[in-house]
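Examination of the molecular architecture
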Amino acid sequence: MNKDSIFRFLLSTAALLVLLFTAGIIYALVSRSTEAFQEYGVWGFVGNAEWDPRSATEEYGALSFILGTLYTSFFALLLCIPFSLAVALFNGEYYKGKKISSAVRSIVDLLAGIPSIVYGLWGFYTLRPLVIALGVSAQGFGIFLSSVVLAIMIIPYASSLSSEFLSMVPNNLKEGAYSLGATQIEVVQYISLPSAGSGIVASYILALGRALGETMAVTMLIGNTNRIPRGLSDTGNTMASVIANQFGEADGLKLSSLIAIGLLLFIITAVINLIAKLIMKKISLI
Amino acid sequence: MKAILRLKEVSVSYTPGKNAVDKVTTDIYPNTITAIMGPSGCGKSTLLRAINRMHDLYANVQTTGEIILKGRNVLEMDPMEVRRMAGMVFQQPNPFPTMSIYDNVLAGYTLNGIRLGKNEKEEIVEQSLQSVALWDEVKDVMTKRGSFLSGGQQQRLCIARTLALKPEVLLMDEPTSALDPISTNKIEELLLQLKQQFTIIIVTHNMSQAARISDNAMFMYLGELVEHGNTTQMFTKPRNKRTEEYLTGVFG
């Protein structure tokens, strides 16, 4: 065999192995969650909010955690929009190509590099007393605290991609608008944001994908209660946090139920990422 | 006849101490087409963009001198107002891709936050598209995006968008250089009609285009205005040797 074909062989093997890992993860998730799905049926499991590990009344359903995940993620997304949009406009429009913009970009990227556990600690010791002082909840823990921390965690993902899309808006369109007497804010409102619109939406969907699966910080801050949260100030559990909290002491049907939740989370994030990719693919085709 | 636009010692520099346009002084008369000619990098586009204050968009570009449009110094006016008075058409047709054809024509009003009644809108759209001879071609596809039109149609849409604001002068920066000969021809015919209502200044490096459509011609070289006069006279009997060399293709 010559060098070329050896290299080609190594490359294909490595690529194939990655495919096998993915397939292996999916297989493990599916096979080990079958017990739970057989016991309750897919919709019976997804639609049931009961999570009762006591052996006499043992019963498991994912609804509380699905809702807990959706509440925290969407509220985090909502909180993150004004900040990440501001950063995106700062970097991609108002100070595009300037030194200050690359400084801001580096600092925001730094946020993305902070380990989740550090966010958790900061949320626990700094934000939680604040949330208590504000009177949002007595313990501080809960959906609200988790969402605030999640929002900060996903700002870099939402803002860096959207500023990329904003800076891709062709200059001749902006000049065309300026030549008609538009001010900068009118150019942003009528030209830049609409032109970059679907790209910006895609960035937020990707950011949402990150929020859905975020585990460590949320586990430390959400309060870990196994029921549907009754509001923002209530405690709860997300799909990721319930797994993190309970997998160590689980076996049998409970373990299978946790793995089933893992499978559901995997499917939800995969679909979310797929949607974002499809939107971005559509933009690049124009 | 009274000049509609007077340039007095207009200089533009991108780097301090180095003038891309150097002390240009001249008058432009109403209802004429003036062609600005010259080799690449001679400052013709730079001069054109000084008139509607496009240089304000970029830091470090300095414009000095006086640009008097209808008796007022452009450099002391609100740039937004200047740009409404001096419409600009660019080299690359740039209809707004997120807007329909209809909305593109009205973009000048939308972008300036001017609200119009429905009848007023319809009237402006029809009138503007009629004046660029695009009405018959697009009147049934008004809700489609502007980017769906051909290059020549897009450029006429951009002219219509500019005309909709009823400007005093029309600044055109090589408006046909991205178009095929047939579309170019249509635009040239259009300009000859439009000069009855507007004053047109067109940058072109196409000498035969300048000869075909312009009343007056300006020849620029290395940032200086070398010669400005009647087009026929300049093409037949240029006063300056540089102009003659350029027109006869000695350089360019």
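Residues numbered from 1 in each chain as written. Chains lettered and ligands numbered in written order. Predicted model: local features only at pLDDT ≥ 70, side-chain atom pairs only at ≥ 80, totals over all residues.

**Examining the overall build of chain A**
Within chain A one finds 11 helices and two strands. Helices (α) and strands (β) of chain A occur, in sequence order from the N terminus, as α-α-β-β-α-α-α-α-α-α-α-α-α. Principal-axis analysis of the C-alpha atoms places the extent of chain A at approximately 75 × 70 × 30 Å. When burial is assessed residue by residue, chain A has 43% of its 286 residues classed as buried. (Helix = DSSP H or I, 4+ residues; strand = E, 2+ residues; numbered from the N terminus. Buried ≥ 20, exposed ≤ 12 C-beta atoms within 10 Å, placed from the backbone.)

**A short note on the overall build of chain B**
Per the secondary structure count, chain B includes 11 helices and 10 strands. For chain B, the C-alpha radius of gyration of 18 Å lies close to 18 Å, the compact-globule estimate for 252 residues. Principal-axis analysis of the C-alpha atoms places the extent of chain B at approximately 55 × 40 × 35 Å. Relative to its 252 residues, chain B shows a buried fraction of 47%. (Rg over C-alpha atoms; globule rule 2.2 N^0.38 Å.)

**Regarding the sheet that holds strand β3 (residues 33-37) of chain B**
Residues and elements named next belong to chain B. Pairing is mixed across the open sheet formed by six strands, whose spatial order is β6-β7-β8-β3-β9-β10. Two strands close off the open sheet at either side, each with one partner strand: β6 (86-89) and β10 (224-230). Geometrically, the sheet is characterised by an average inter-axis angle of 20° between neighbouring strands, direction not taken into account. In this sheet, strand β7 (residues 169-173) lies alongside β6 in parallel orientation, the contact comprising four bridges. Paired with Met-88 across the strands is Leu-171, a residue of β7. (Pairing = 2+ DSSP bridges. Axes fitted to C-alpha atoms, helices over the stretch in contact; angles between N-to-C directions.)

**Points about the sheet that holds strand β1 (residues 5-15) of chain B**
Strand pairs in the sheet, formed through backbone hydrogen bonds, run parallel or antiparallel to each other. All names here are of chain B. Across the sheet, which stays open at both edges, the four strands sit in the order β2-β1-β4-β5 with antiparallel pairing between neighbours. This sheet does not close on itself; its edge strands, each paired only once, are β2 (18-28) and β5 (72-73). Relative to β5, strand β4 (residues 62-69) runs antiparallel, the two being bridged by two bridges. Note that in β5 the partner of Leu-69 across the bridge is Arg-72.

**Brief notes about unusual backbone geometry**
All names here are of chain B. Although it is not a glycine, Arg-53 adopts a positive phi angle of roughly 60°. Inspection of the secondary structure assignment puts Arg-53 in the loop between α1 (44-51) and β4. Taking the C-beta count within 10 Å as the criterion, Arg-53 has 22 such neighbours and is therefore assigned buried.

**Quick look at helix α8 (residues 184-213) of chain A**
Each α-helix turn comprises 3.6 residues. Residues three or four places apart therefore point the same way. Residue and element names in this part refer to chain A. An ideal rise of 1.5 Å per residue puts 44 Å on 30 residues; α8 reaches only 38 Å between its terminal C-alpha atoms. The sharpest bend along α8 measures roughly 60° and falls at Gly-197. The element α8 is extensively covered by neighbouring structure, given that 21 of its 30 residues are classed as buried. (Expected span 1.5 Å × (residues − 1). Bend = angle between axes of the 7 residues up to and from the residue.)

**Looking at the packing of helix α7 (residues 171-179) of chain A against α8(A)**
All names here are of chain A. Viewed as axis vectors pointing N to C, α7 and α8 meet at an angle of 160°, and their least axial separation amounts to 10 Å. In terms of orientation, α7 lies roughly antiparallel with respect to α8. The two elements α7 and α8 meet at a crossing, and its hand is right-handed. Side by side, α7 and α8 meet where Leu-173, Lys-174, Ala-177 and Tyr-178 of the first sit next to Val-187, Tyr-190, Ile-191, Ser-192 and Ser-195 of the second. Partitioning the contact of α7 with α8 into residue classes produces six nonpolar, two polar and one charged. (Parallel < 35°, antiparallel > 145°, perpendicular 65-115°, else oblique. Left-handed = near helix turned anticlockwise from the far one by under 90°. Contact = placed C-beta atoms within 7 Å. Nonpolar A, V, L, I, M, F, W, Y, C, P; charged D, E, K, R; others polar.)

**Topic: the nonpolar core**
Residue and element names in this part refer to chain A. Judged by nonpolar contacts, the single largest core of 146 residues is most densely connected at Ile-154, Ala-207 and Ile-261. If you tally residues by element for this core, the top one is helix α6 (residues 143-167), at 16 residues. The residues contacting Ala-207, other than those within four sequence positions of it, are Leu-77, Cys-80, Ile-154, Tyr-157 and Ala-158. (Core = buried A, V, L, I, M, F, W, Y, C linked by C-beta atoms within 7 Å.)

**Re the pairing of β10(B)**
Residues and elements named next belong to chain B. Where strand β9 (residues 216-221) lies against β10, six bridges are found, and the strand directions are antiparallel. Residue Met-218 lies in a different strand from β10, and its bridge partner there is His-228. If you look at the hairpin formed by β9 and β10, you'll find two residues sitting between the two strands, and Leu-222 has a positive phi there, around 50°.

**Some remarks on the packing of helix α3 (residues 63-94) of chain A against helix α4 (residues 99-113) of chain A**
Residue and element names in this part refer to chain A. It is at 9 Å that the axes of α3 and α4 come closest, and there the two elements cross at 145°. Crossing handedness for the pair α3 and α4: left-handed. Only Ser-101, Val-104, Arg-105 and Val-108 of α4 make contact with α3, whose side of the interface consists of Val-87, Phe-90 and Asn-91.

**Considerations on the environment of A:Leu173**
Mapped onto the elements of the fold, A:Leu173 is located in helix α7. Here the alpha-carbon distance between A:Leu173 and A:Ser192, two residues 19 residues apart in the chain, equals 8.6 Å. With near-sequence residues (within four places) excluded, A:Leu173 lies in contact with A:Ile191, A:Ser195, B:Asn94 and B:Phe96.

**Focus: the interface of chain A and chain B**
Contact residues are listed per partner, giving 16 residues for chain A and 21 residues for chain B. Among the elements that line the side of chain A that touches chain B, the one with the most residues is α7(A), at seven residues.

**Some details on the confidence of the model for chain B**
All names here are of chain B. On average, residues of chain B score 93 in pLDDT, and 100% of them reach the 70 mark or higher. Per-element averaging of pLDDT across chain B places helix α11 (residues 241-247) at the bottom with 90 and strand β8 (residues 199-203) at the top with 97. For this predicted complex, the interface confidence score (ipTM) comes to 0.93, while the overall pTM stands at 0.85. (pLDDT = per-residue confidence, 0-100.)

**Let's talk about the environment of A:Leu111**
Residue and element names in this part refer to chain A. Tracing the sequence through the fold places Leu-111 in helix α4. As for Leu-111 and Ile-152, which are separated by 41 residues in sequence, their C-alpha atoms are 7.9 Å apart. Look past the residues within four positions of Leu-111 in its chain and what remains in contact with it is Ile-152, Ile-155 and Pro-156.

**Topic: the pairing of β9(B)**
Residues and elements named next belong to chain B. With six of its six residues buried, β9 lies for the most part within the structure. What you see with β9 is no split at all: Asn-216, Met-218 and Met-220 on one side and Ala-217, Phe-219 and Tyr-221 on the other are buried throughout. Examined bridge by bridge, β3 and β9 share four bridges and lie parallel to one another. Across the sheet, the residue bridging to Ala-35 is Ala-217, located in β9.

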